[in-house]
Amino acid sequence: MGKSINVSLIGNPNTGKTSLFNRLTGLNQKVGNYPGITVEKKEGICKLDRSLKAHILDLPGTYSLNTSSLDESVVVETLLNKNSKDYPDVAVVVSDIENLKRNLLLFTQIKDLEIPTILVINMADRMQRKAISLDIELMEQELNTRVVLVSARKNIGVDDLKKAISEYKNLKSVPCVNASTIDPEYFETLRKAYPKQSIYKLWLVITQDVNFGKIDRNRDLEDLKSSSFAVKSESDLKKMQHKETVVRYQFINSLLTKVLNVDKSQAKDLRTRLDRVLLHKVWGYLIFFVILLLIFQAIYDWSTYPMDWIDTFFAKASSWAQTSLPEGPFTDLISEGIIPGLGGIVIFIPQIAFLFLFIAILEESGYMSRVVFLMDHIMKKFGLSGKSVVPLVSGTACAIPAVMATRNIEDWKERLITILVVPFTTCSARLPVYLIIIALVIPEQEVWWIFNMQGLTLMLLYMLGFGAAIFSAWVLNKILPIKRKAFFVMEMPAYKLPMLKNVGITVLEKTKSFVLGAGKIIMAISVILWLLASHGIGEQFTNAEEIVKEQYASQNLSEEELTNKIASQQLEHSFIGYIGKGIEPAVRPLGYDWKIGIAIVSSFAAREVFVGTLATIYSVGSDEEETIKNRMRAEVNPILGGPLFNFASGISLLLFYAFAMQCMSTLAIVKRETNSWKWPAIQFTAMTVIAYFAALAAYQILK
Amino acid sequence: MELLQYILVAVVVLVALGWLFRKSLFPSKKTSGCGDGNCGCH
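Note that this is a predicted model, so its numbers are computed, not measured.

Caption draft 1: A look at the overall build of chain B. The helix and strand inventory of chain B stands at one helix and zero strands. The buried share among the 42 residues of chain B stands at 10%.

Set out below in C-alpha cells:
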C-alpha cells in the first residue's frame, strides 16, 4: 500500500473549490454558483501516482483566517492543530483569476503559517476572453510557491496540479509577508517566549480568541490564552488585525502590479462589454443619471399613493378616536398625539421601502460598485464617497431614507459626513413652506420669455441646498479628526440577476430598523410636542372659550369661525405659544413676529407643520393654500407697519428653512445611525446657527 | 373618569420623557452598533 498525504483545499467562497475537489477525487459533490455552498468538511481520495495517494479535504470557504463564524473556524482549527489527523501536508489555496486581489489575502495568511502551499488559479479558461495575462514564473518567485493555472470546469490543468502535489517535498515552507512589522516589539517578545513556534501561528491563536473563542489547538499553545501576550485589549488586537490586512494588501498590490496585466480593450466577454458602456466617460454618467431619476421618481412620486392612503387612514383613526372614546385629556393624547405620531412614523415606510428596493437591486446586480468607480474621484474631493450620490439625491425626497442609505458606505468618515450633510438637500417637506412664501413675496413674472421668476427661485433653493451639502462636506472633511481607512480595495463583482429573497430581506430589515429604532424617538417627541401645544397655564388658556365668545359676541361668527378663534387663542397661550413668544426677541431681527416664532418651534416636528400652525394661529381653520396665503398677505408687521411677509422677511424665511434642521425624525434617524446623540446635537446646532445668520443677513440687507 | 385620563396622560408623558432622558444620558453600551466604523452594518 502506497503512502498517503493530507491535502487541504482552501479558498474564498465561490472560487470553484468544490468543482476542483470533484475533479481531483471523482466524487459528485453538489456545486453551486453562490458563496457558502461548502459548509462542512468533505473528504475524498486522489491517486497521484503508483506509490502516493492524497487524502483531499474540501474545507469551507473563507475570506481570511480572521474568522468569525462556525464553518469558517473549521479552516483555522485544521490549520492550527498539528496533532489533528487532518493537518495538511500540503495546502492548496484555490483562487479565481478574476478576483485574485481578494483571494490572495487568504493565500498570504496560509503561507505565513509555514505550511507547504500551492496556489491554484482557477477559471483560467477565461483569461483569453478577458485579455488577462499573468507572469507565472515571476509570481512563483515572489510568492515562494508553486502556481498552477486550472480550469476545474473544463478539466484544464488538473494533471499539472496533481503533479505539483506529488512533488510536495520540493515546496518551500517560508512565509511571504512579514506580519510582525505591524508591531515589531510585540512580535519580538512573542518570538523570544516561543522560539520553536511559527510566529504567525502564535498570532492567530491569540487573535482567534478575539474573533471566535473556543478553538481546539495544540496543548503547548494553550497557555497563551492566560499568558501576558493575550493581555492586549480586544480593540488593540482588532487594530493590529486591521494593520495586518493593510500590510498584506500592500504586498498583494505590489505583486499584482508586476505580474498581472488586463487589457480591457481586447476583452470580449459580456461583463467587459457591459463595463465598457456603464463605466464610459459619457454614457456611464448618463445611464447613472437615468437610474437616479428613476429612484427619485419612485421616492418622490410613486410613494405618494401609499403615503396618501396612510395619511387618510391615520386621519380617520384620529377622528374615530376623538368621537368614539370618552371625552378627556387621554383621548386627546390618543387622537392628537399618539395616532398622528404613529402616522408620522408609518408614513415614511413607502419612501424607505422604495429607496432600499432600488439600492438592494443595484447592490445585488453588481452595478453599485460601478457607481463607486464612476463617482468616487469626484466625491472624494469633498470628503464624500462615490456611494454618497444615492443618499444626496434621495435626500431631495426625504432625508430619513437618505440617511439610512449611507449604510453601504464602508468608510466611517465618508459615511458620517454624508449623514451630516444630507439634510441640507431640499426635501419634499420644505416644498409647502417654499411654495407659500415664494407665492407671497416673489412676483409672478416672466424672465427671458421662457422662465418664471417664482420657478427660478424654487430652482435656486434646490441648488442652494445641494451647494450647502457639498460645501459643508468639504469643510467637515477638513475639520473632522477621524482617520480615513488607509487602503481601499475595490473589486468589480460579476453582473448577476438580483435574488428576490435578498432584496426582500434588505427592504424588510431597513424598514424594521427605522420603525423600531427611530420610530420610538419620533413617538416620544410627538407626545411631548402634543403636550406643549395643547396645554398651557393661566386664564387665557383655560378660559379660552369664554374669552373668545365674549370678545366676538357682537360679531355674530359662525360655529366654525368661533372654533378656529378658540384654537388660535389656545395655541397662543399654550406652552409652545409661550416658547414662540419667548424666542420673539431672537427672531425679530430676522423680520418675524411671535406667530412665526410659534410656527418655527412647532415645525420642529416636521417642516410642513409650519403652514398648518400658521393656519391655526391665523384662525383660518383650513390647510387650503390660497386661504392661508391671503391671510398671511394681510398680516401687518406690529412694529414697522406694512406687510409682515414682504420680500426681506420672505427671503429670510426661505433661507431659514433651507438651512435649519427642522425635522425631529431626521434627528432621530441620525441618532440611530450614529449610535450617539452627539452627532444629531452637533448637526442641529450647526444647521440652526447657519440658518439663523443667513436669515439675519438676508433680512438686514434687504429690508 | 377625567382624573383617570389625567393620570394616564401623566404616565405616558413621563414615560416618553424618561425614555428620551435615559436614551440621551445613558446610551446603550453595545459595541456592535453603528458609529464606530466597525459595526458590521455598512
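Caption draft 2: Representation of the overall build of chain A. Secondary structure summary: chain A contains 32 helices and 10 strands in total. Within chain A, the fraction of its 703 residues that count as buried is 43%. Look at the contacts in chain A between residues 6 or more apart in sequence, and 71% of them connect residues 24 or more apart.

Caption draft 3: Representation of the environment of Val246 of chain A. Position of Val246 of chain A among the secondary structure elements: in helix 9 (residues 234–259). Separated by 64 residues in the primary sequence, Val246 of chain A and Ile182 of chain A place their C-alpha atoms 9.4 Å from one another.

Caption draft 4: Representation of helix 32 (residues 678–702) of chain A within the structure. Residues and elements named next belong to chain A. Compared with the 36 Å implied by 1.5 Å per residue over 25 residues, the 36 Å span of helix 32 between its first and last C-alpha is a close match. All of the buried residues along helix 32 are Pro680, Gln683, Phe684, Met687, Ala691, Ala694, Ala695, Ala698 and Tyr699. Packed against the buried residues of helix 32 are helix 18 (412–421), helix 30 (647–659) and helix 31 (664–674).

Caption draft 5: Representation of the UniProt feature "transmembrane region" (unreviewed entry) in chain B in the model. The feature "transmembrane region" (unreviewed entry), as given by UniProt, occupies residues 6–22 of chain B in the numbering adopted here. Structurally, residues 6–22 of chain B comprises 100% helix and 0% strand, and the distance from its first C-alpha atom to its last is 24 Å.

Caption draft 6: Broad picture of the packing of helix 31 of chain A against helix 32 of chain A. All names here are of chain A. Interhelical geometry of helix 31 versus helix 32 gives an angle of 140 degrees and a closest axis separation of 8 Å. Where helix 31 crosses over helix 32, the two elements pack in a sense that is right-handed. Two secondary-structure elements touch here, helix 31 through Leu667, Val670, Lys671 and Thr674 and helix 32 through Trp679, Pro680, Gln683 and Phe684. Split into classes, the residues belonging to the contact of helix 31 with helix 32 amount to five nonpolar, two polar and one charged.

Caption draft 7: Just the interface of chain B and chain A, in detail. The interface of chain B with chain A comprises 20 residues on the first partner and 21 residues on the second. Residues of the side of chain B that touches chain A, tallied by class, amount to 13 nonpolar, six polar and one charged.

Caption draft 8: Region of interest: the nonpolar core. Residue and element names in this part refer to chain A. Counting residues in each nonpolar core, the largest one holds 119 residues, and the members touching the most others are Ile400, Leu655 and Phe659. The biggest single contributor to this core is helix 21 (residues 500–534), with 12 residues. Every residue in contact with Ile400, bar those within four places of it in the chain, is listed here: Phe348, Ile352, Phe514, Ser665, Thr666 and Ile669. One finds Leu59, Ile121, Met139 and Cys176 within the second-largest nonpolar core, a separate group that totals 62 residues.

Caption draft 9: A look at the sheet that holds strand 3 (residues 52–58) of chain A. All names here are of chain A. Pairing within the open sheet is mixed, and its six strands lie in the order 2-3-1-4-5-7. Either end of the sheet is taken by a strand with one partner, and the two such strands are strand 2 (42–49) and strand 7 (146–149). Pairs of neighbouring strands in the sheet enclose a mean axial angle of 25 degrees, with direction left out of account. Two strands pair when backbone bridges link them, and strand 2 and strand 3 are joined in this way by seven bridges, in the antiparallel orientation. If you follow Asp49 over to strand 3, its bridge partner there is Leu52. On the sheet, helix 3 (residues 100–112) packs against strand 1 (3–11), strand 4 (90–96) and strand 5 (117–122) and is oriented at approximately 170 degrees with respect to strand 4.

Caption draft 10: How the structure looks around the packing of helix 23 (residues 544–551) of chain A against helix 24 (residues 559–572) of chain A. Residues and elements named next belong to chain A. Contact geometry of helix 23 with helix 24 gives a least axis separation of 9 Å together with a crossing angle of 125 degrees. Our classification of the angle between helix 23 and helix 24 gives oblique. The two elements helix 23 and helix 24 cross, and the hand of that crossing is right-handed. Residues Ala544, Glu545, Ile547 and Val548 of helix 23 form the contact with helix 24, whose own contacting residues are Leu562, Lys565, Ile566, Gln569 and Gln570. For the contact of helix 23 with helix 24, the residue count by class is five nonpolar, two polar and two charged.

Caption draft 11: Spotlight on unusual backbone geometry. All names here are of chain A. Although it is not a glycine, Ala131 adopts a positive phi angle of roughly 55 degrees. Within the secondary structure, Ala131 is located in the loop between strand 5 and strand 6 (132–134). In this structure Ala131 comes out as partly exposed when scored by C-beta crowding, with 16 C-beta atoms within 10 Å. You will see that Asn675, though not glycine, has its phi angle at about 55 degrees, which is positive. Overall, Asn675 belongs to the buried group, with 20 C-beta atoms counted inside 10 Å.

Caption draft 12: Region of interest: the UniProt feature "transmembrane region" (unreviewed entry) in chain A. Per the UniProt annotation, the sites labelled "transmembrane region" (unreviewed entry) are residues 282–300, 338–362, 416–442, 448–476, 514–533, 596–618, 639–660 and 680–702 of chain A. Here residues 448–476 of chain A runs as 83% helix and 7% strand, with 39 Å between its end C-alpha atoms.

Caption draft 13: Main features of the confidence of the model for chain A. All names here are of chain A. Across chain A, the average pLDDT comes to 83, with 90% of residues at or above 70. In this model residues 30–39 is a low-confidence stretch, pLDDT under 50, and it forms 20 contacts with partners more than four residues away in sequence or in other chains. Below pLDDT 50 for its whole length, residues 210–220 participates in 23 contacts with residues either more than four positions away or in separate chains.

Caption draft 14: Local environment of the pairing of strand 4 of chain A. Residues and elements named next belong to chain A. The buried count for strand 4 comes to seven of seven residues, which makes it a mostly enclosed element. What you see with strand 4 is no split at all: Val90, Val92, Val94 and Asp96 on one side and Ala91, Val93 and Ser95 on the other are buried throughout. Sheet topology places strand 1 next to strand 4; five bridges connect them, and they run parallel. Among the inter-strand pairings, Val7 is bridged to a residue of strand 4, identified as Val90. Two strands pair when backbone bridges link them, and strand 4 and strand 5 are joined in this way by six bridges, in the parallel orientation.

Caption draft 15: Layout of the confidence of the model for chain B. The pLDDT averaged across chain B works out to 69; a share of 52% of its residues lies at or above 70. Note that residues 30–42 of chain B has pLDDT below 50 and, in this model, 20 contacts with residues that lie over four places away or in other chains.

Caption draft 16: The pairing of strand 1 of chain A, seen in detail. In terms of strand pairing, strand 1 of chain A meets strand 3 of chain A through seven bridges, oriented parallel. Within strand 3 of chain A, the position partnered with Val7 of chain A by the bridge is Ile56 of chain A.

Caption draft 17: Geometry of the environment of Lys512 of chain A. Residue and element names in this part refer to chain A. Within the secondary structure, Lys512 is located in helix 21. Judged by C-beta crowding, with 11 C-beta atoms within 10 Å, Lys512 ranks as exposed. Linking Lys512 and Ile349, residues 163 residues apart in sequence, is a C-alpha distance of 9.2 Å.

The rules we used
- Residues numbered from 1 in each chain as written.
- Chains lettered and ligands numbered in written order.
- Predicted model: local features only at pLDDT ≥ 70, side-chain atom pairs only at ≥ 80, totals over all residues.
- Helix = DSSP H or I, 4+ residues; strand = E, 2+ residues; numbered from the N terminus.
- Buried ≥ 20, exposed ≤ 12 C-beta atoms within 10 Å, placed from the backbone.
- Contact = placed C-beta atoms within 7 Å.
- Expected span 1.5 Å × (residues − 1).
- UniProt positions renumbered as here; feature names shortened; annotations may be inferred.
- Axes fitted to C-alpha atoms, helices over the stretch in contact; angles between N-to-C directions.
- Left-handed = near helix turned anticlockwise from the far one by under 90°.
- Nonpolar A, V, L, I, M, F, W, Y, C, P; charged D, E, K, R; others polar.
- Core = buried A, V, L, I, M, F, W, Y, C linked by C-beta atoms within 7 Å.
- Pairing = 2+ DSSP bridges.
- Parallel < 35°, antiparallel > 145°, perpendicular 65-115°, else oblique.
- pLDDT = per-residue confidence, 0-100.

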